[in-house]
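Results of the structural survey
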Amino acid sequence: MTFVDSHCHLDSKQFDSDREEVIQRAIASGVEKMVAIGTGDGPPDLEAGLRLADRYPAFYATVGVHPHDAAKASEETFAQLGELLKHPKVIAIGEIGLDYRYDFSPRDVQKNVFIEQMRIARDAGKPIVIHTREAWDDTIALLRSHWKGTGIMHCFSGGPEEARQALDLGFYVSFGGIVTFPKATQIQEAARITPHDRILIETDAPYLAPVPKRGKRNEPAYVVETARKLAELRGEPLEDIAATTSANFARLALH
Ligand SMILES: [Zn+2]
Ligand SMILES: [Zn+2]
């Protein structure tokens, strides 16, 4: 049985002392592919994910400007993103979107940088990885007006209604550690209704570790716990969750 962690931040300083062991633990747990999200600390460095993908066969990467860092983006950033998307291990632009919880960048700047990155992804024929926090309606509205392809709704934290909106737009819904939290009943309901051919799993490591590791630093090996929860919620064998989420990832990202 093998798994794909479709979203992790292994470039984080939190892994500086034991990154190699963390990667080996993931592989030993059956996590045979991991996506190193490349947003890092923001522009001008756009290669936080690529450094891992260049070094380890198990890693793929994204490139992109996180909404937190939108104010750091320039014309040069956008030109570089277009170039980096040609790298064979870069599977998507992400994570991009809107974050109104922290408002680290002004909202109009977040929107413009999100729109510009959708244009770059479309020109490159690549999917997008969406981060949206307390900004659901604006995110969906911008996707409806500016995006025609597919992508990943990362760390999905809505309910069945939001899941349906994402699915209608052609997106895959990626569940992370929070789906294992006992009070996350709306997210769990969304996990029950998402079609098997549109579901993905992720850790978002080092953040939001699943039960029973909740509160600890998260790492890709723990994606198995999220898969286990999905199996329980959906009444499907763990083997099926492993196989379908891996096949979904391959269909979306590897071609
Ligand atoms: Zn995110
Ligand atoms: Zn992330």
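What comes next concerns the included structure. Values in this document were obtained by computation on a predicted structure and should not be read as measured data.

A word on the overall build of the chain. Regarding its fold elements, the chain presents nine helices and eight strands. Compactness check: the chain gives a C-alpha radius of gyration of 17 Å against a globular reference of 18 Å for 255 residues, within 12% of the reference. Per-residue burial over the chain gives 58% buried out of 255 residues. Pairs at least 24 apart in sequence give 72% of the contacts found in the chain among residues at least 6 apart.

Further remarks concern the coordination of the zinc ion (ligand 1). For the zinc ion (ligand 1), the protein coordination sphere consists of Glu95 (OE), His131 (ND1) and His154 (NE2), at 2.0 to 2.1 Å. Read from N- to C-terminus, the donor residues coordinating the zinc ion (ligand 1) fall into the pattern E-x35-H-x22-H. In this structure, the zinc ion (ligand 1) is positioned 3.5 Å from the zinc ion (ligand 2), and both are ligated by Glu95. Pair noted here: His131 is in strand β5 (residues 128-133) and His154 is in the loop between β6 (151-153) and α6 (160-168), with a separation of 23 residues, a long-range link. What makes His131 buried here is its relative accessible area of 11%. Taking the relative accessible area as the measure of exposure, His154 reaches 6% and is therefore buried.

Right, let's get into the coordination of the zinc ion (ligand 2). Around the zinc ion (ligand 2), the protein supplies His7 (NE2), His9 (NE2), Glu95 (OE) and Asp204 (OD) as donor atoms, at distances of 2.0 to 2.4 Å. Note that the zinc ion (ligand 2) binds four donor atoms; their angles at the metal cover 89 to 178 degrees, and the shape is irregular. Look at where the donors of the zinc ion (ligand 2) fall in the sequence and you get H-x1-H-x85-E-x108-D. Assessed through its relative accessible area of 2%, Glu95 is described here as buried.

A few words on the nonpolar core. Ranked by internal contacts, the top residues of the largest apolar core, which has 72 residues, are Phe59, Ile128, Leu143 and Phe175. Per-element accounting of this core gives the leading share, six residues, to helix α8 (residues 223-234). Look past the residues within four positions of Leu143 in its chain and what remains in contact with it is Phe114, Met118, Ile128, Ile130, Met153, Leu169 and Phe171. Of all hydrophobic cores here, the second largest spans 13 residues; its members include Tyr60, Ala92, Val129 and Tyr172.

Taken as a whole and judged by the stated rule, the model has five aromatic pairs. On the numbers, 6.1 Å between centres and 80 degrees between planes, the contact of Trp136 with Phe156 is edge-to-face. Of the two residues, Trp136 is situated in helix α5 (residues 136-146) and Phe156 in the loop between β6 and α6; the sequence distance between them amounts to 20 residues. Like Phe156, Trp136 is buried. Each ring, one from Phe156 and one from Phe175, has its centre 5.9 Å from the other, and the planes form 75 degrees; the classification is edge-to-face.

The next subject is the pattern of salt bridges. The final tally for this structure, using the stated rule, is 20 salt bridges. Between Glu225 and Arg228 there is a salt bridge, and its shortest N-O distance comes to 3.4 Å. With a gap of three residues between them, Glu225 and Arg228 both fall in helix α8, about one helical turn apart. Taken together, the shared-partner salt bridges connect Asp18, Arg25, Arg217 and Glu219 into one network.

Calculation notes
Residues numbered from 1 in each chain as written. Chains lettered and ligands numbered in written order. Predicted model: local features only at pLDDT ≥ 70, side-chain atom pairs only at ≥ 80, totals over all residues. Heavy atoms only, no water. Helix = DSSP H or I, 4+ residues; strand = E, 2+ residues; numbered from the N terminus. Rg over C-alpha atoms; globule rule 2.2 N^0.38 Å. Buried < 20%, exposed > 50% of the residue type's maximum accessible area, 1.4 Å probe, protein only. Contact = heavy atoms within 4.5 Å. Donors = N, O, S within 2.8 Å, 3.2 Å for Na, K, Ca; no water. Tetrahedral: all angles 85-135°; square planar, octahedral: opposite > 155°, others 65-115°. Core = buried A, V, L, I, M, F, W, Y, C linked by side-chain atoms within 4.5 Å. Phe/Tyr/Trp six-rings, centres within 6.5 Å; stacked < 30°, edge-to-face > 60°. Salt bridge = Lys/Arg side-chain N within 4 Å of Asp/Glu carboxyl O.

Keep in mind these values describe shape, not function.
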